[in-house]
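# Per-entry structural report
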Amino acid sequence: MAEKTKNAMTAREACLNSLVSYERDKKYSNIELSESVEKYNFNDLDRRFFTRLFYGVIEKKLTLDYYIKNICDKNQKIAPDILNILRMGIYQILYMDKIPDNAACDESVKLAKKSNLNNIKIGGFVNAILRNFIRNKEENLKSIDKIKDFYKHLEIKYSCSSDIIKLWGENYGFEICEKLLEASRENNSLTITVNNLKISRDCYYENLISQNISAEKTEISSAGIIISSDIPVKNLYGYNEGLFFVQDEASQICAFETGAKPGDLVMDCCAAPGGKSFYMAQMMKNNGRIICFDIYKNKLDLIKKSAERLEIDIIEIYEHDSTKSYLGRGDPDAPRIQAGADIVLCDVPCSGLGVINKKPEIKYKTLDEISKLPGLQYNILKNCAGYVKPGGTLVYSTCTLNKKENEEVIKKFLSENKNFDCINIKTFFPFERKIDGFFLVKMKRIGV
């Protein structure tokens, strides 16, 4: 049972506030979560409860709303706070085994009354909906399997927009599509990269194990560790000492594919949050130059702060829109790159369909919302290819699974830029291992 926070607010109350704020202000779920954890100063028990309930309601939203509409009048309008209280209640009943059904219902009623002091009937309304759901739980669960429309069935079962389901089905076939939908519901573990400028992975791993932290080494990357224990990043061994940084294995593999070596000039053209630059800096033994471009200054400041914690001093940051060329700029702060870069990395903005289990709101994107991305991605790639010197390496990557943003962008680029050869193409599916969905292409410049 969730207890009072130090602010005398229960984790359920805090979760309701965060869900309403997240929807009203259209925030990213991870940002709302981080702000709330810091704001409410939870103890460990409340933090775990809050995190699971907050992410769970977002991740299961369409499924939860389906159950609510089955019980309510389908045309009935429900205020945002009450709708979220009902979602929270049903989520606890279905997915949080340690909470008795009656407790989930009673706490939801209390929450509804407290948040609607002038509505004396609201507690009865919430109680009626949740008691009805509890009485008919098995029938409600089985009703999803009776949905005849194929796409609607998958949409409600996996709480994912039909646009994404259709896209994955057309791109990869429906067997892989359903595996991706299943993987989107998996609990997300934390993956880190060990800073081998300071400590070896084996040594760091042994320190974790000695502290009874559940962890395993990544299968492909030689620098990664997957941590299953629920512990805040800043509380992990060696955070303040810069012994690691957060980075998924797919991102580690992407950075490794660049082949960065000591003395290289590297350009990371959409660099935030900086993980690939940090990884390449390790490959370079902190010797050479890494130029980080990003359009957002606040994100560049975070890269600078993290580089300082890791004691990496070869990274230069520049606020810049990578759809435009930096070559020839006369600014005093413009980087000296006219001679051409050994490596250019374009980890472009994307729809994020490979990281749904980390950012569940992505599940509800429509095709209209992501339709302009391939054009943006192509413009970035085409422009940044001009920084690569003859014989240099160009890497294109996304954390999405969408051929229009991946294979089709590369096909167009290679058809229009004959001075680049494709060396390697890789797609990572999250159902294959504990890894983000990811796409990367390594190319070599073969002419002027």
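Below, the structure is looked at part by part. Per chain, the residues get numbers from 1 upward, laid out in the order the sequence is written. In keeping with the model being predicted, local features are shown solely for residues with a pLDDT of at least 70 and side-chain atom pairs are shown and tallied solely at 80 or more, while totals for entire chains, interfaces and linings include all residues. The side-chain numbers reported here are obtained from all heavy atoms of the structure, hydrogens and water having been left aside.

By convention in these notes, a salt bridge is any Lys or Arg side-chain nitrogen within 4 Å of a carboxyl oxygen on Asp or Glu. With the rule as written, the count across this model stands at 29 salt bridges. We note a salt bridge from Glu23 to Arg87, for which the minimum N-O separation is 2.7 Å. Here Glu23, found in helix 1 (residues 11–25), pairs with Arg87, found in helix 5 (residues 80–95); they are 64 residues apart in sequence, far enough to count as distant. One salt bridge in this structure joins Asp230 and Arg47, with 3.2 Å as the shortest N-O distance. Strands are runs of DSSP state E lasting at least two residues, helices are runs of H or I lasting at least four, and both sets are numbered from the N terminus onward.

Another point: unusual backbone geometry. Cis rather than trans, the peptide bond between Ala272 and Pro273 has omega equal to 5°. Checked against the element boundaries, Pro273 lands in the loop between strand 5 (265–268) and helix 14 (275–283). For Lys26, which is not a glycine, the phi torsion comes out positive at approximately 55°. Take Lys26: it is sitting in the loop between helix 1 and helix 2 (29–40).

Each pair of aromatic rings taken from Phe, Tyr and Trp, with Trp reduced to its six-membered ring, is defined by centres within 6.5 Å and is described as stacked if the planes are under 30 degrees apart, edge-to-face if over 60, and tilted in the remaining cases. Applying the stated criterion to the full structure yields 20 aromatic pairs. For the ring pair Tyr91 and Tyr95, a centre distance of 4.9 Å and an interplane angle of 45° mean the geometry is tilted. A residue pair is termed a helical-turn pair when its members lie 3 or 4 positions apart in one helix, as Tyr91 and Tyr95 do in helix 5 at 4 residues. Accessibility here uses a 1.4 Å probe with only protein chains present; expressed as a share of the type maximum, an area under 20% marks a residue as buried, one over 50% as exposed, and anything in between as partly exposed. On the basis of relative accessibility, which here comes to 7%, the residue Tyr91 falls in the buried class. On the basis of relative accessible area, Tyr95 is assigned to the partly exposed category, the value being 24%. With 5.9 Å between their ring centres and 50° between their planes, Tyr204 and Phe244 make a pair best called tilted.

At least two bridges found by DSSP between two strands are what make those strands a pair. Spatial strand order, 2-3-1-4: 4 strands in an open sheet with antiparallel pairing. Of all the strands in the sheet, just strand 2 (215–217) and strand 4 (244–246) have a single pairing partner and so form its edges. Strand-to-strand, the axes of this sheet are offset by a mean angle of 30°, without reference to chain direction. Examined bridge by bridge, strand 1 (residues 190–194) and strand 3 (residues 224–227) share 4 bridges and lie antiparallel to one another. Bridge pairing in strand 3 places Leu190 opposite Ile227. Two residues form a contact once any of their heavy atoms are found within 4.5 Å. Lines are fitted to the C-alpha atoms to define the axes, a helix being fitted only along its stretch in contact, and any angle between axes, read from their N-to-C directions, falls within 0 to 180 degrees. Together, strand 1, strand 2, strand 3 and strand 4 form the strand contacts of helix 12 (residues 201–210), whose direction differs from that of strand 2 by roughly 165°.

Glancing now at helix 4 (residues 61–71). Within helix 4, burial applies to Thr63, Leu64, Asp65, Tyr66, Tyr67 and Ile68. Turning to helix 4, the residues buried within the fold contact helix 3 (44–59), helix 5, helix 7 (122–135), helix 8 (137–143) and helix 9 (150–158).

Here the focus is the state of the cysteines. For the purposes of this analysis, a disulfide is any pair of cysteine sulfur atoms at a distance within 2.5 Å. Taken as a whole and judged by the stated rule, the model has 0 disulfides. Take Cys160: it sits in no disulfide, and the sulfur closest to it among the cysteines is that of Cys177, at 7.8 Å. Residue classification places Cys160 among the buried positions, given a relative accessible area of 1%. Of the residues examined, Cys177 reaches a relative accessible area of 1% and is grouped as buried.

To continue, consider the side chain of Lys276. Along the chain, the position of Lys276 falls in helix 14. A residue is classified by how much of its surface remains accessible, and Lys276, at 11% relative accessible area, is buried. For Lys276, the side chain forms a polar contact with the side chain of Ser251, separated by 3.2 Å. Each polar contact in these results corresponds to two N or O atoms within 3.5 Å; when the atoms are within protein, one needs to be able to donate a hydrogen and the other to accept it, and residues that are neighboring in sequence are counted only if both atoms are side-chain atoms. Side chain to side chain, Lys276 and Asp347 meet in a polar contact 3.1 Å long. For Lys276, the contacting residues outside a window of four places in its chain are Gln247, Ser251, Cys254, Ala255, Asp268, Leu345, Asp347, Ser397 and Phe438.

Here the focus is the pairing of strand 5. Walk down a regular strand and you will see the side chains alternate between the two sheet faces. A two-sided burial pattern is seen for strand 5, the buried positions comprising Leu265 and Met267 on one face and Val266 and Asp268 on the other. Pairing between strand 5 and strand 6 (residues 289–294): 4 bridges, direction parallel. Bridging from a neighbouring strand, Asp268 pairs with Cys292 of strand 6. Handedness of the strand 5-helix 14-strand 6 crossover: right-handed. In this structure, strand 5 lies alongside strand 8 (residues 341–347), joined through 3 bridges in parallel fashion. Residue Val266 lies in a different strand from strand 8, and its bridge partner there is Ile343. By convention, orient the strands away from the viewer: a clockwise path from the first strand over the helix to the second makes the crossover right-handed.

The definitions used throughout rest on a 1 Å grid laid over the protein atoms alone, on which a cavity is an enclosed set of points accommodating a 1.4 Å probe that cannot get out and a pocket is an open set flanked by protein within 12 Å on both sides along at least five of seven lines; lining residues are those having an atom within 4 Å of a point. Grid points are joined across faces, edges and corners, and a volume is the space filled by probe spheres set on the points. In the structure shown here, the tally under the stated rule is 2 cavities of 30 Å³ or more. Volume-wise, the largest cavity comes out at about 70 Å³. Taken together, Trp168, Leu180, Ala183, Ser184, Leu353, Gly354, Val355, Ile356, Asn357, Leu401 and Pro430 make up the lining of the largest cavity. Looking at the second largest cavity, the residues that line it are Leu19, Tyr22, Glu23, Val57, Ile58, Lys61, Asn84 and Arg87. Note on residue classes: Ala, Val, Leu, Ile, Met, Phe, Trp, Tyr, Cys and Pro are nonpolar, Asp, Glu, Lys and Arg are charged, and everything else, Gly too, is polar. A class-by-class count of the residues in the lining of the second largest cavity yields 4 nonpolar, 1 polar and 3 charged.

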